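# Examination of the molecular architecture
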Amino acid sequence: MKPTDGYWAHRYIGRPWIAGARGPESFDCWGLFLWVQRKYFGRELPLIPVDALSLRVVLKTFNDHPERKRWQRVSNPRHGDAVLMRQSRYPVHVGVWLDIDGGGVLHCAQSVGVVFQDLWALDRHGWRVEGFYAFRGDPCQAAMKVS
């Protein structure tokens, strides 16, 4: 198995969601996204300190952050792309698209931890995909190493 084939993901399934956790034993959604991007796709992305329990702060931080300019919206996701999701009116959740088992999203959600779900399962659990985003360009200059 190659690290980029996606089958490594099974080792993270079931790890708990903890606000602000950056892994590898626990994560929040951004922490899991950072971990996977660095470890399996070689992308050093910035830590974005936010209160994961404050919707208003999360929205403002992500809308204003320069890292958003390095991701381009695409109609068909590919292995390693970002998946922006919502359960209410605003997108506040991120996962990683993996091309395994027909394709799906590895993400870490409050009360369930790390899961891998296809689009049908996401929908059944109330997640709406806001968009798929492919990495374009160099990582943010402010990127900090995830340990």
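Since this is a predicted model, take the numbers as computed values, not measurements.

### What to know about the pattern of salt bridges
For the structure shown, the criterion picks out three salt bridges. Between Asp 28 and Arg 22 there is a salt bridge; the shortest N-O distance is 2.7 Å. Of the charged contacts in the structure, one is a salt bridge between Arg 86 and Glu 130, with a shortest N-O distance of 2.6 Å. Of the two residues, Arg 86 sits in strand β2 (residues 82-86) while Glu 130 sits in strand β6 (residues 128-135), which places them 44 residues apart along the sequence. Its relative accessible area of 26% is what places Arg 86 among the partly exposed residues. On the basis of relative accessibility, which here comes to 25%, the residue Glu 130 falls in the partly exposed class.

### Remarks on the packing of aromatic side chains
Taken as a whole, this structure holds nine aromatic pairs when the rule is applied. A ring pair is formed by Trp 8 and Tyr 40, whose centres lie 3.7 Å apart and whose planes are at 5°; its orientation type is stacked. Linking Trp 8 in the segment before α1 (29-41) with Tyr 40 in helix α1, this pair joins segments that are 32 residues apart in sequence. Ring geometry for Phe 33 versus Trp 71: centroids 5.6 Å apart, planes at 55°, classification tilted. Here Trp 71 lies in strand β1 (residues 71-74) and Phe 33 lies in helix α1, a separation of 38 residues in the sequence. Trp 71 shares its class with Phe 33; the two are buried. One aromatic cluster in this structure is built from Trp 8, Tyr 12, Phe 27, Trp 35 and Tyr 40. Sitting over the ring of Trp 35, Arg 38 keeps its end group 5.1 Å from the ring centre.

Calculation criteria
- Residues numbered from 1 in each chain as written.
- Predicted model: local features only at pLDDT ≥ 70, side-chain atom pairs only at ≥ 80, totals over all residues.
- Heavy atoms only, no water.
- Salt bridge = Lys/Arg side-chain N within 4 Å of Asp/Glu carboxyl O.
- Helix = DSSP H or I, 4+ residues; strand = E, 2+ residues; numbered from the N terminus.
- Buried < 20%, exposed > 50% of the residue type's maximum accessible area, 1.4 Å probe, protein only.
- Phe/Tyr/Trp six-rings, centres within 6.5 Å; stacked < 30°, edge-to-face > 60°.
- Lys NZ or Arg CZ within 6 Å of the ring centre and 35° of its normal.

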